[in-house]
Amino acid sequence: MKFETKNAVAVLTLNRPEKLNALNNDLLNAICDTLDRIELDPALRAVVITGAGRAFSAGADITAFQRHMQAGPVEAVTHFMRPGHRMTRRVENFSKPVIAAVNGLAFGGGCELVEACHIALAAEGARFSKAEINIGIIPTFGGTQRLPRNIGRKAALELILSGREFDAAEAARLGLVNRVVPASDILEAAHVLASDLTSKPPHAIAAALTAVHRGMDASIDDGLAIEEAAFARIVSTYDANEGVAAFVEKRPPAFLGR
């Protein structure tokens, strides 16, 4: 995997183009390890994930999976499924915005990575599929849980049960991606969006991410309690007080990240 920085934005490029960026355990671990590094660096405030070549990611590395599957359910769950769960949970729970720049194919586990990202942009030629049913299995990196939360139960079931391909326009219509951009502009569009988010107060960004993520599965009353706790954590920060003061004084805020 390639890791680059541009100002306050970290860019992670899945870099197995000869395998269409298939997600093996080494790549799954590299994503998690790199996110750990980014989280500890206060100078990096947003993340873009994309793929090298013509794919974002064609999914899990099925050749590697076959070896685990042949060893039995315990091996398959422990050494194939759980590393995928760990990666998608790490992305979803990340304290800084994670933007998927879907440059090409996003099948299976690649689609599940898109589902876990906070925001997603897709190139016009990007293609998606919940293809696991076509090889006799189900989504294994969280897709049975996140896709319904992204696009609704009935739409998710139709995609999961059919395994059909769908294009970027349909992905946007369903809500899997936020918008579609020309292929030549995908990285620039993601970087512009990420750069805009880096100008926002980081404690408020982290609080919003946590409140939305935790509140998705809660009742409205529990969700409001989560929101209240998130607000209480940031209300005394310098940035919150500076933002309110700047509004009252009719001037641009000067956020300092504290």
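Residues numbered from 1 in each chain as written. Predicted model: local features only at pLDDT ≥ 70, side-chain atom pairs only at ≥ 80, totals over all residues. Heavy atoms only, no water.

Caption draft 1: Structural view of the sheet that holds strand 3 (residues 46-51). In spatial order, the strands read 1-2-3-5-7-10; together these six strands make up an open sheet with mixed pairing. Only two strands of the sheet have a single partner each, and these edge strands are strand 1 (2-6) and strand 10 (179-181). Each adjacent strand pair in this sheet contributes to an overall mean axis angle of 25°, direction not counted. Pairing analysis gives six bridges linking strand 2 (residues 9-14) to strand 3, with the strands arranged parallel. Bridging from a neighbouring strand, L12 pairs with I49 of strand 3. (Pairing = 2+ DSSP bridges. Helix = DSSP H or I, 4+ residues; strand = E, 2+ residues; numbered from the N terminus. Axes fitted to C-alpha atoms, helices over the stretch in contact; angles between N-to-C directions.)

Caption draft 2: Up close: the layout of surface pockets. For the largest pocket, the calculated volume is near 790 Å³. At the level of elements, helix 3 (73-92), helix 4 (109-116), strand 7 (119-123), helix 5 (143-151) and helix 9 (202-215) are the ones that each hand at least two residues to the lining of the largest pocket. Residue composition of the lining of the largest pocket, by class: 15 nonpolar, eleven polar and six charged. (1 Å grid on protein atoms, 1.4 Å probe; cavity = no way out; pocket = protein on both sides within 12 Å on 5 of 7 lines; lining within 4 Å. Points joined across faces, edges and corners; volume = space filled by probe spheres on them. Nonpolar A, V, L, I, M, F, W, Y, C, P; charged D, E, K, R; others polar.)

Caption draft 3: The arrangement of a nonpolar patch on the surface in detail. Taken together, the side chains of V244, F247 and V248 present a nonpolar region at the surface, about 370 Å² in accessible area. Residue position: V244 is located in helix 11 (residues 238-248). Since its relative accessible area comes to 55%, V244 is described here as exposed. (Patch = residues over 30% accessible without salt bridge, like charges linked within 9 Å, V, L, I, M, F, W, Y side chains within 5 Å. Areas by Shrake-Rupley, 256 points an atom, 1.4 Å probe, with all protein chains shown as cover. Salt bridge = Lys/Arg side-chain N within 4 Å of Asp/Glu carboxyl O. Buried < 20%, exposed > 50% of the residue type's maximum accessible area, 1.4 Å probe, protein only.)

Caption draft 4: Examining empty space enclosed by the protein more closely. Tallying each qualifying case throughout the model produces one cavity of 30 Å³ or more. Size it by volume and the largest cavity reaches roughly 40 Å³. Together, L23, N24, N25, D61, A64, F65, H68, H79 and F80 line the largest cavity. Here the lining of the largest cavity takes three residues from helix 2 (residues 62-70), the largest share from any one element. Tallied by class, the residues present in the lining of the largest cavity amount to four nonpolar, four polar and one charged.

Caption draft 5: Geometry of the pattern of salt bridges. Applying the stated criterion across every chain, the model contains twelve salt bridges. One salt bridge in this structure joins K130 and E115, with 2.7 Å as the shortest N-O distance. Remark: E115 occurs in helix 4 and K130 occurs in the loop between strand 8 (127-129) and helix 5; sequence separation between them is 15 residues. The same class applies to K130 and to E115, which are both buried. Salt-bridge contacts for E165 lead to R127; the nearest nitrogen and oxygen are separated by 3.3 Å. Residue E165 is found in strand 9 (residues 165-167), and its partner R127 is found in strand 8; the two are separated by 38 residues along the sequence. Given the relative accessible area of 29%, R127 is considered partly exposed. Linked through salt bridges whose partners overlap, the residues forming this network are E158, R164, E170 and R173.

Caption draft 6: Structural view of the side chain of N21. Tracing the backbone shows N21 in the loop between strand 2 and helix 1 (25-39). A residue is classified by how much of its surface remains accessible, and N21, at 0% relative accessible area, is buried. Within the local environment of N21, its side chain forms a polar contact with the backbone oxygen of A52, the two atoms lying 2.9 Å apart. (Polar contact = N/O pair within 3.5 Å; in protein donor to acceptor, adjacent residues only side chain to side chain.)

Caption draft 7: Seen up close, the pairing of strand 1. Note that strand 1 and strand 2 share five bridges and pair antiparallel. Of the residues in strand 2, the one forming a bridge with F3 is L12. Connecting the antiparallel pair strand 1 and strand 2 is a turn made up of two residues, with N7 showing a positive phi of about 60°.

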